[in-house]
Amino acid sequence: MQKFVDLHKRNLLSGLLILVFVWSLFSVNWGPDLFHSGGKHTILQMVKSFFQPDLSPEILQLAVTSAWRTLAYAVTGMTLAILLAVVLGVLASGILYNGKQRIWVKSSLRGLLGFMRAIHELVWAWLFVAAVGLSPFAAIFAIAIPYGGILGRIFADMLNDVKPEPIQALQSNGASRLQLLCYGYFPLAAADMISYTMYRFECAIRSSAIMSFVGLGGLGYQIHLSLDDLKYHEVWTFIFFLIGLVILVDLWSRFLRKRLVS
Amino acid sequence: MSPTPVFELKNISKYYGEVSSLSSLSFRIDRGEVVALIGPSGAGKTTLLNILSAMLPPDDGTFFIDGKPVSSLTSRRQRARKLGIIRQQFDLVGPLPVVHNVLAGRLGEWSLFKSLLSYLFLQDKELAMHALHRVGLKDKIYEKTAHLSGGEQQRVALARLLVQKPEVILADEPVSSLDPARAEDIIGMLVRLVKEENQTLIASLHSVDLARKYFTRIIALRDGQIFFDLPVDQVTSQQLSDLYKIMEMKEDAEVC
Ligand SMILES: Nc1ncnc2c1ncn2[C@@H]1O[C@H](COP(=O)(O)OP(=O)(O)O)[C@@H](O)[C@H]1O
Ligand SMILES: [Mg+2]
């Protein structure tokens, strides 16, 4: 009965969303001025410069330092995020306590994690720039907080999903809760936790690049400047560096995953 | 007066809703006994072993371990020294190397610091080596546990029990997921080790043959009641076939 009501509600919601979507189509002005008149020309220029990225030494050097900066923000931000996520995730999974406090701690920590990730990293970046100015800390915290929230939530779920039999066996060996954590929960969930973190690390690199639009330096900032000057050749150079960075991280994470599985 | 029994149960019952899983069981088990628990599935073997291991409180009756109520086993360390548990092969931590699964038997004795340190420098290594030697797995000490076969994993679990050194071992269908040859190998090893260590063993089993070959006493359960409780040489084939016989009345009832 409960199931039926839920299903019904969900269908209702889906129907509502489809209606909103259809209505939004009507509200777009499908006239000839949907694209601005110079659009065609600009797009052509962009496509052309794709094949001729600016490879002059100054631009390459700028691209390397910007890429380095983007990577540094992402790595530092993610390191902080992982620390936050492990501590908050373990507490939010509720495996360290039982009884009345369990529900209380669990739900309040899940609430905190929800708040951390409900706000987009770009918004956090704005907030931190307003608070501490254009400093690397603004970028690092802006990544650490929402990613800490996402990872923390996933870590908590992964720890809760661990098979119960090995845990019960360790309990019968006389393990305390913290011993259960380091001899049962962590080893059993580690492979999943690491591969999800690596995936999120890729996302953090993209975020770090975007974040620099706010003015924090890095690849995104350079793309922004070059676009303003209509220098599409430079834009592509920076974009290729960004793609290269993401591919590098992907290769690294694939390598790590392979080692974990075998 | 006879010495205090390891377990003494008086009219133990357990209900799940309307159905009674165990009804009014009474028996005692003395130190050093090697008892097989047999019976059709659903007879209540797992429920009984969970009550004996103090993981499940009975709904009715009284239950003493070493003449004391279960509540006297307060600390995790006391409990681990008294009771060891082995079940199907799925209760090892697969991603860890064999040696850490074996040394997990020491967690009750170790501090948190010592158990973390053991990841860097193995603690009580000789103990683990000796236990693995006794179960014939000395060369697998650093292998990832999940890579071992089912029979080997169960031997790792036996090595863990050797390191834990409980007074009593409760085994719930420890070989139900193994082929007959492997199953006999593990049961033979379990019983031999229990006798060498002067422990008490209660094991539920699917196989009547293994029960007759290796155990000294058989408790047969059926529908949550004791069907018979006899020394192994007094159990007759007639009793065994009655134990597993499907009651005609029940079958008719299911057809309707
Ligand atoms: N958690 C539970 N909830 C409801 N019924 C249960 C539960 N555990 C066991 N039972 C019931 O108790 C009876 C005995 O089960 P069990 O002890 O698992 O038998 P066995 O181990 O001999 O196969 C069965 O009828 C089973 O359905
Ligand atoms: Mg069972």
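Our structure's up above, just so we're on the same page.
First things first, this report covers the structure right here in the doc. Note that the coordinates shown come from a computational prediction; the quantities given were computed from them, not determined experimentally. (Residues numbered from 1 in each chain as written. Chains lettered and ligands numbered in written order. Predicted model: local features only at pLDDT ≥ 70, side-chain atom pairs only at ≥ 80, totals over all residues. Heavy atoms only, no water.)

**Digging into the overall build of chain B**
Formally: Put simply, DSSP H or I for four residues or longer makes a helix, DSSP E for two residues or longer makes a strand, and each gets a number counted from the N terminus. When we talk radius of gyration, it's over C-alpha atoms, and the globule rule is simply 2.2 Å times the number of residues to the 0.38. Exposure categories follow from relative accessible area, calculated using a 1.4 Å probe and restricted to protein chains: below 20% of the type maximum is buried, above 50% is exposed, and the middle band is partly exposed. Note that accessible areas follow from Shrake-Rupley with a 1.4 Å probe, and for residues the cover is restricted to the protein chains shown. A positive count includes Lys and Arg, and a negative count includes Asp and Glu. His and the chain ends are not counted in either. To locate a charge, the coordinates of NZ of Lys, CZ of Arg, CG of Asp or CD of Glu are taken.
When its secondary structure is counted, chain B shows 10 helices and 10 strands. For a compact globule of 256 residues, the expected C-alpha radius of gyration is about 18 Å, and chain B comes in at 19 Å, within 12% of that figure. With the C-alpha coordinates of chain B rotated into their principal frame, the extents come out at 60 × 40 × 40 Å. Scored against the burial criterion, the 256 residues of chain B give a buried share of 50%. Counting only carbon and sulfur atoms, one obtains 54% of the accessible surface of chain B, whose full area is about 12200 Å². Here chain B contributes 31 positive and 31 negative side-chain charges, whose respective centroids are spaced 8 Å apart.

**Quick word on the overall build of chain A**
In terms of regular secondary structure, chain A is built from 10 helices and 0 strands. In terms of overall dimensions, chain A has a C-alpha envelope of 70 × 50 × 40 Å along the principal axes. Within chain A, the fraction of its 262 residues that count as buried is 39%. Accessible surface computed for chain A: about 15400 Å², of which carbon and sulfur atoms make up 70%. For chain A, the distance from the average position of its 21 positive side-chain charges to the average position of its 14 negative side-chain charges is 12 Å.

**A word on the environment of Phe201(A)**
Residue and element names in this part refer to chain A. Selection criterion: Two residues form a contact once any of their heavy atoms are found within 4.5 Å.
Position of Phe201 relative to the elements: it lies in helix H8 (residues 177-211). Note on Phe201: relative accessible area 8%, which makes it buried. Remark: the alpha-carbon pair of Phe201 and Ser93, spanning 108 residues in sequence, is separated by 22 Å. Contacts of Phe201, omitting those with residues within four sequence positions, involve Ala74, Val75, Met78, Val249 and Trp252.

**A short note on unusual backbone geometry**
Phi is positive for Ala54(B), close to 65°, though the residue is something other than glycine. Within the secondary structure, Ala54(B) sits in the loop between helix H1 (45-52) and strand E4 (60-65).

**Some thoughts on helix H5 (residues 125-134) of chain B**
All names here are of chain B. Convention followed: Taken from the helix axis, the directions to the C-beta atoms give the arc we talk about.
Turning to H5, its buried residues are Ala128, Ala131 and Leu132. Angular distribution of buried residues about the axis of H5 spans 95°; they occupy a single face of the element. Packed against the buried residues of H5 are helix H3 (98-103) and helix H6 (150-164). At the exit of H5 stands Gly136, carrying a positive phi of roughly 75°.

**Re the pairing of E4(B)**
Filter applied, for reference: A pair of strands counts as paired when DSSP detects no fewer than two bridges linking them.
When strand E1 (residues 7-16) of chain B meets E4(B), the two strands line up antiparallel, connected through 5 bridges. Bridge pairing links Glu8(B) to Phe64(B) in E4(B).

**Here we look at the interface of chain A and chain B**
Rule in force here: What gets called buried area is simply the loss in accessible area from a 1.4 Å probe that two parts show on being joined, summed for both. One side-chain nitrogen of Lys or Arg within 4 Å of one carboxyl oxygen of Asp or Glu is enough to make a salt bridge. In the analysis that follows, any N or O atom pair within 3.5 Å is treated as a polar contact, provided that within protein one partner can donate a hydrogen and the other can accept it, and provided that, for residues neighboring in sequence, both atoms belong to side chains.
Across the boundary between the two partners, chain A contributes 21 residues, which contact 28 residues of chain B. Counting each side, the surface lost to burial between chain A and chain B is near 2000 Å², with a carbon and sulfur contribution of 59%. Its largest share of buried area at the contact with chain B, chain A owes to Asn173(A), Gln179(A) and Tyr183(A), together 37% of the area lost on that side. For the pair chain A and chain B, the number of links is 0 salt bridges. Joining chain A to chain B, the criterion identifies 11 residue pairs in polar contact (both at pLDDT 80 or more). Secondary structure elements with two or more residues in the side of chain A that touches chain B: helix H7 (164-172), H8 and helix H10 (232-261) of chain A. With 7 residues, H8(A) is the largest single contributor of residues to the side of chain A that touches chain B.

**Topic: the site of ligand 1**
Residues and elements named next belong to chain B. Cut-off, in case you're wondering: Note on terminology: near, applied to a residue and a molecule or strand, indicates that one of the residue's heavy atoms is within 4 Å of it. Note on residue classes: Ala, Val, Leu, Ile, Met, Phe, Trp, Tyr, Cys and Pro are nonpolar, Asp, Glu, Lys and Arg are charged, and everything else, Gly too, is polar.
By nearness alone, every residue bordering ligand 1 is listed as Tyr16, Ser21, Pro40, Ser41, Gly42, Ala43, Gly44, Lys45, Thr46 and Thr47. One nitrogen or oxygen atom from the side chain of Ser21 is found 3.0 Å from an oxygen atom belonging to ligand 1. At 2.8 Å, a backbone N or O of Lys45 approaches an oxygen atom of ligand 1. In isolation ligand 1 exposes 560 Å². Once the protein is present, 56% of that is buried. For the shell around ligand 1, the element with the most residues is H1, which contributes 3 residues. For the shell around ligand 1, the class distribution of residues is 3 nonpolar, 6 polar and 1 charged.

**Focus on the side chain of Ser66(A)**
Residues and elements named next belong to chain A. By secondary structure assignment, the location of Ser66 is in helix H3 (residues 57-93). Only 2.7 Å separates the side chain of Ser66 from the backbone oxygen of Leu62, close enough to count as a polar contact. If near-sequence neighbours (up to four positions away) are discounted, Ser66 is found in contact with Gly218, Leu219 and Gln222.

**Notes on the nonpolar core**
Across soluble globular proteins, nonpolar side chains show a tendency to be buried alongside one another. The line we're drawing: Residue types Ala, Val, Leu, Ile, Met, Phe, Trp, Tyr and Cys, when buried and joined through side-chain atoms within 4.5 Å, form a set referred to as a nonpolar core.
Of all hydrophobic cores here, the largest spans 117 residues; its most connected members are Ile38(B), Val102(B), Val135(B), Leu201(B), Leu205(B) and Phe215(B). By residue number, the principal contributor to this core is H8(A), which donates 16 residues.

**Points about the sheet that holds strand E3 (residues 34-38) of chain B**
All names here are of chain B. For the record, the criterion: For helices, the fitted line uses only the C-alpha atoms of the stretch in contact; every axis is such a line through C-alpha atoms, and the angle between N-to-C directions lies from 0 to 180 degrees.
The strand order E6-E7-E8-E3-E9-E10 describes an open sheet built from 6 strands, whose pairing is mixed. The two strands at the open ends of the sheet, each matched to only one other strand, are strand E6 (83-86) and strand E10 (225-231). Pairs of neighbouring strands in the sheet enclose a mean axial angle of 15°, with direction left out of account. Relative to strand E7 (residues 168-172), E6 is paired through 4 bridges, and the arrangement is parallel. Residue Leu83 lies in a different strand from E7, and its bridge partner there is Val168. Its contacts with the sheet put H6 on E6 and E7, and the angle it makes with E6 is roughly 175°. Strands in contact with helix H7 (residues 180-196) are E3, E7 and strand E8 (200-204); relative to E8, the strand with the most contacts, it is inclined by about 160°.

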